[in-house]
Amino acid sequence: MDICFYDNNELATNEQSIVFIDRVYCLNFHEFSDGTWEQLKQVYSVLPQYLLKETHCPMWFGEEGLSSKLLICFS
């Protein structure tokens, strides 16, 4: 299986040897069935730090523009 992704920033460590990754994975969402979307929703809901917002895409850890730590899944 080919995994298509790209990094928005060059990977480098900071002074504390921490690597910040801004990576985008490309998925063929148009190939997902209703069952696949339902399974994905169930997986999302049990991930740590999941933020439930019915009107937004799934997100974790913080809210865009309000937190320096943010993970969003665009679907």
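Reference entry: report on the structure contained in this document. Remember, it's a predicted structure, so these values are computed and weren't measured experimentally.

1. Let's talk about the pattern of salt bridges
In step 1: This structure, assessed with the given rule, holds one salt bridge.
In step 2: As a salt-bridge pair, R23 and D7 come within 2.6 Å of each other at their nearest N and O atoms. With R23 in strand 2 (residues 23–26) and D7 in strand 1 (residues 4–7), the pair connects residues that are 16 residues apart, well separated along the chain.
In step 3: What makes R23 partly exposed here is its relative accessible area of 30%.

2. Points about the packing of aromatic side chains
The geometry of an aromatic ring pair is captured by two quantities: the separation of the ring centres and the angle between the planes.
In step 1: Per the counting criterion, the structure on display carries four aromatic pairs.
In step 2: For the pair F29 and F32, a centre-to-centre distance of 5.3 Å together with 75° between the ring planes defines the contact as edge-to-face.
In step 3: Using a relative accessible area of 25% as the deciding quantity, one classes F29 as partly exposed.
In step 4: Geometrically, the ring pair formed by F32 and W37 is tilted, given 5.0 Å between the ring centres and 50° between the ring planes.
In step 5: A relative accessible area of 28% means that W37 is categorised as partly exposed.
In step 6: Aromatic ring contacts, followed pair by pair, group F29, F32 and W37 into a single cluster.

Rules behind the numbers
- Residues numbered from 1 in each chain as written.
- Predicted model: local features only at pLDDT ≥ 70, side-chain atom pairs only at ≥ 80, totals over all residues.
- Heavy atoms only, no water.
- Salt bridge = Lys/Arg side-chain N within 4 Å of Asp/Glu carboxyl O.
- Helix = DSSP H or I, 4+ residues; strand = E, 2+ residues; numbered from the N terminus.
- Buried < 20%, exposed > 50% of the residue type's maximum accessible area, 1.4 Å probe, protein only.
- Phe/Tyr/Trp six-rings, centres within 6.5 Å; stacked < 30°, edge-to-face > 60°.

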